[in-house]
Amino acid sequence: MKNPLEALTSLFREFPGIGPRQAERFTYHLLSGTNASREQLAKEILNLGSKVSLCPSCFKFHTESSNLCSICKNPNRDKNILLVVAKDTDLSSVEKSHAYNGLYFVLGGTIPLLEKKPEDHVRMQELKSRLVGKDSPKEIIFAMNTTSEGEYTREVVELYIQAVLKEKNIKTSILGRGLSTGTEIEYSDSETLKSALIHRTQVGEQ
Ligand SMILES: [Zn+2]
């Protein structure tokens, strides 16, 4: 069995982008703090489970008392456009750019190249259901990272929903110029995202 230092360090190592040295530093940082500060941290972590819910329409995490998140229930948002992102932090970046007033759909991840069970990694089925529902959009914008995994995810998801797109006459577009290869939505500045949204390219027209 791991001792408490090793146990916590190995949990930090599971965080995105955290290596063994950083994970160890987090553990020692907590050790150097007070019992009160550790209790506060533990409480906030538990609150994530009890006070945060998943929006049943866009699958964004939120802390509203209502079922739907504040974006989905806002009557001023344009229901004709649905922007598809991989994760919540990408959605936050687009919101901060103030360049978009439509609705969102959070896939919940990306699909590793040549994955045999893509539906285990992203909410493809949920997206399909969202499109056949009564609030079907007229356009879907894929705002994925311009990495091979981001593009692969878009291709697989698009293929999966192809029949619905055709049946409902929904056009799809991807973020345009301004996003160079390897760009991650999460780390893009507002101006870049704004320009990429304005210059989005309709799929099939490229
Ligand atoms: Zn929502």
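Preceding this paragraph is the structure being described.
Figured I'd write up the structure that's included with this text.

What counts, and where the lines are drawn
Residues numbered from 1 in each chain as written. Predicted model: local features only at pLDDT ≥ 70, side-chain atom pairs only at ≥ 80, totals over all residues. Heavy atoms only, no water. Helix = DSSP H or I, 4+ residues; strand = E, 2+ residues; numbered from the N terminus. Buried < 20%, exposed > 50% of the residue type's maximum accessible area, 1.4 Å probe, protein only. Donors = N, O, S within 2.8 Å, 3.2 Å for Na, K, Ca; no water. Axes fitted to C-alpha atoms, helices over the stretch in contact; angles between N-to-C directions. Parallel < 35°, antiparallel > 145°, perpendicular 65-115°, else oblique. Left-handed = near helix turned anticlockwise from the far one by under 90°. Contact = heavy atoms within 4.5 Å.

It is worth spelling out the environment of Ile185 at this point. Mapping Ile185 onto the fold places it in the loop between strand S6 (171-174) and helix H7 (190-198). Residue Ile185 is classed as buried on the basis of its relative accessible area, which comes to 0%. Distance in space between the C-alpha atoms of Ile185 and Met144 is 6.7 Å, their sequence separation being 41 residues.

For the zinc ion, the full set of protein donor atoms is Cys55 (SG), Cys58 (SG), Cys69 (SG) and Cys72 (SG), and the range of their distances to it is 2.2 to 2.3 Å. Read from N- to C-terminus, the donor residues coordinating the zinc ion fall into the pattern C-x2-C-x10-C-x2-C. Pair noted here: Cys55 is in the loop between strand S1 (53-54) and strand S2 (61-62) and Cys69 is in the loop between S2 and strand S3 (78-85), with a separation of 14 residues, a long-range link. Cys69 carries the same exposure label as Cys55, and that label is buried.

Once that is clear, we can look at the packing of helix H1 (residues 4-13) against helix H2 (residues 20-32). One can describe the packing of H1 onto H2 by two numbers: an axis separation of 8 Å at closest approach and a directional angle of 130°. Regarding the angle of H1 to H2, the classification is oblique. Of the two elements, H1 crosses H2, and the hand of that crossing is right-handed. Contact residues: H1 offers Leu5, Leu8, Thr9, Phe12 and Arg13, while H2 offers Pro20, Ala23, Glu24, Phe26, Thr27, Tyr28, Leu30 and Leu31.

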